[in-house]
Amino acid sequence: MKSHSARIEGLGTTIFAEMSALALQTESVNLGQGFPDTDGPASIVEAAVHAMHHGRNQYAPGIGVPELRAAIAAHQKRWYGLEIDPDTEVAVSTGATEAIAASLLGLIDPGDEVVVLEPYYDSYVAVIQMAGGVRRPVTLRAPDFRLPVDELRAAVTPRTTAILLNSPHNPTGAVLTRDELEAVADVAREHDLVVITDEVYEHLVYDGEHIPIASLPGMAERTLTISSGGKSFSFTGWKVGWATGPATLVSAMVGAKQFMTYTSGAPLQPAIALALELDDDYFDALRARMEGQRDLLCDGLAAIGFEVFVPQGGYFATTDIRPLGFDDGLEFCRLLPQRAGVVAIPHQVFYDHQDVGRPLVRWAFSKKLEVIDEAVDRLATGLGQSRPGHS
């Protein structure tokens, strides 16, 4: 028990908590944490209010309310042609983060190795550690952050039991190609590995195509696919996520989840069910709006002098800070609020191989155009750079 406690306590405060606190203290524009500053569709909010006024306020079933599970199964069929049984192959969670945590805790034994793409979302590290697992990182490198297939193959050992994927990828914005996914599938089939895949940005792909690895031959039976309503519908605070996959894997995930939150968001679940049924125009408009915000931020950062790696999907753009005379992203991000009144996130906290990420910084573009403009103007002033067209 003592070793477990020490291991978990050693995780410390997340970089997001530190940078969000700095944003508040300095009244900075927060381009650090990935949340939108506009709400999702009013009709979905009204659906949640209706549920609250009509008796949907007590515990929901542990695996989620039936209409949401049915809507998730229909969504997977509509977009990807995947046949999902809503009664045995879907489980609702408190956001995607809990689904990822419960999947790892339910499937990983102490000493098991998990292949994970780095840089990685920080909760991956924490939960693998809590489960007693061992990370086997495969590094995506600038400028294009493509999957190094030979390194992926080399990362697998007799102790490997799972691959943890994320596409569209946070923080780089890379979208795995069909060839890359086929390579992952080949490794998973050859070594009889489970794949846990985080696809929360599935509807935010600007260049390329989102392909669920579960849709590839021989992969549905070994893949847990995780997503949520937060990113797709701009309701990140609702924390309604889910996992889909074969009943055995979903059951393992639920086995851990039942001792975490058990259930949450009872009146929010039927509202997200309605959101999943929105027509294509909604998803097209969301993607177009976010792409415009991406382009505005990337163009602005490039004009200041950063080397910008334009993301294919997601909420975040990555820059190399060395052209501006900096070489340590963590130091840069800690001085930025005082110097420029803007908050960003250093990449190096998402790596085991921190030197690879040291000069890289992540910026969120899930903000209104005027907020992005204000942030870029502050950066230009604070870093002593000129921005074309601005005085």
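Above this text is the structure in question.
Source: prediction; values computed, not measured.

Undergrad: Just checking my understanding: could you explain the nonpolar core for this structure?
TA: When a protein is soluble and globular, its nonpolar side chains tend to lie buried together. Formed by 130 residues in total, the largest nonpolar core has its most connected members in Phe306, Phe332 and Trp363. At 8 residues, the largest contribution of residues to this core is made by helix 12 (residues 280-304).

Undergrad: Help me understand the layout of surface pockets in this model?
TA: Any empty space left between atoms is shown by rolling a water-sized probe over those atoms. Taken as a whole, the largest pocket encloses approximately 640 Å³ of empty space. Residue assignment for the lining of the largest pocket shows that the elements contributing at least two residues are helix 5 (95-107), helix 6 (122-130) and helix 9 (229-233). The biggest single contributor to the lining of the largest pocket is helix 5, with 6 residues. Here the residues of the lining of the largest pocket sort into 15 nonpolar, 11 polar and 5 charged.

Undergrad: Explain helix 10 (residues 247-257) to me, please; I cannot follow it from the model alone.
TA: Think of an α-helix as turning once every 3.6 residues; residues three or four places apart then point the same way. Buried within helix 10 we find Leu249, Val250, Met253, Val254, Ala256 and Lys257. Mapping the buried residues of helix 10 onto a view down its axis gives an arc of 160°, with all of them on the same face. Those residues of helix 10 hidden inside the fold are in contact with strand 2 (90-93), helix 5, strand 6 (194-198), strand 7 (223-228) and strand 8 (241-244).

Undergrad: Just checking my understanding: could you explain the environment of Ala266 for this structure?
TA: On the secondary structure map, Ala266 appears in the loop between helix 10 and helix 11 (268-276). Every residue in contact with Ala266, bar those within four places of it in the chain, is listed here: Arg56, Gln58 and Ala60.

Undergrad: Mind showing me how you'd approach a nonpolar patch on the surface here?
TA: Taken together, the side chains of Leu105, Met130 and Met260 make up a nonpolar region of the molecular surface, amounting to roughly 220 Å² of accessible area. Residue position: Met130 is located in helix 6. By relative accessible area, which is 31% here, Met130 ends up partly exposed.

Undergrad: Which parts of the structure should I look at to understand the pattern of salt bridges?
TA: Working definition: two side chains of opposite charge can pair if their charged atoms are close together. All told, the structure shown has 21 salt bridges when counted by the stated rule. In this structure, Arg159 and Asp112 form a salt bridge, with 4.0 Å as the shortest nitrogen-oxygen distance. Taken as a pair, Arg159 in the loop between helix 7 (149-155) and strand 5 (160-166) and Asp112 in the loop between helix 5 and strand 3 (113-118) lie far apart in primary sequence, 47 residues in all. As a salt-bridge pair, Asp284 and Arg287 come within 2.6 Å of each other at their nearest N and O atoms. With Asp284 and Arg287 both in helix 12 and 3 residues apart, this pair spans about one turn of that helix. Under the relative-accessibility criterion, Arg287 is labelled partly exposed at 25%.

Undergrad: Which parts of the structure should I look at to understand the environment of Ser123?
TA: Its place among the elements puts Ser123 in helix 6. A residue is classified by how much of its surface remains accessible, and Ser123, at 12% relative accessible area, is buried. Taking the C-alpha atoms as reference points, Ser123 and Gly64, 59 residues apart in sequence, are found 23 Å from one another.

Undergrad: Please clarify how the packing of helix 5 against helix 10 should be interpreted in this entry.
TA: When two helices pack together, their arrangement is given by the angle between their axes and by how far apart the axes lie. Interhelical geometry of helix 5 versus helix 10 gives an angle of 105° and a closest axis separation of 7 Å. As summarised for this structure, helix 5 and helix 10 are arranged roughly perpendicular, according to the angle between their axes. Within the contact between the two elements, helix 5 uses Glu98, Ala99, Ala102, Ser103, Leu105, Gly106 and Leu107 and helix 10 uses Leu249, Ala252, Met253, Ala256 and Lys257. Taken together, the residues that form the contact of helix 5 with helix 10 break down as 8 nonpolar, 2 polar and 2 charged.

About the thresholds
Residues numbered from 1 in each chain as written. Predicted model: local features only at pLDDT ≥ 70, side-chain atom pairs only at ≥ 80, totals over all residues. Heavy atoms only, no water. Core = buried A, V, L, I, M, F, W, Y, C linked by side-chain atoms within 4.5 Å. Buried < 20%, exposed > 50% of the residue type's maximum accessible area, 1.4 Å probe, protein only. Helix = DSSP H or I, 4+ residues; strand = E, 2+ residues; numbered from the N terminus. 1 Å grid on protein atoms, 1.4 Å probe; cavity = no way out; pocket = protein on both sides within 12 Å on 5 of 7 lines; lining within 4 Å. Points joined across faces, edges and corners; volume = space filled by probe spheres on them. Nonpolar A, V, L, I, M, F, W, Y, C, P; charged D, E, K, R; others polar. Arc of directions from axis to C-beta. Contact = heavy atoms within 4.5 Å. Patch = residues over 30% accessible without salt bridge, like charges linked within 9 Å, V, L, I, M, F, W, Y side chains within 5 Å. Areas by Shrake-Rupley, 256 points an atom, 1.4 Å probe, with all protein chains shown as cover. Salt bridge = Lys/Arg side-chain N within 4 Å of Asp/Glu carboxyl O. Axes fitted to C-alpha atoms, helices over the stretch in contact; angles between N-to-C directions. Parallel < 35°, antiparallel > 145°, perpendicular 65-115°, else oblique.

Read these as spatial facts, not as claims about activity.
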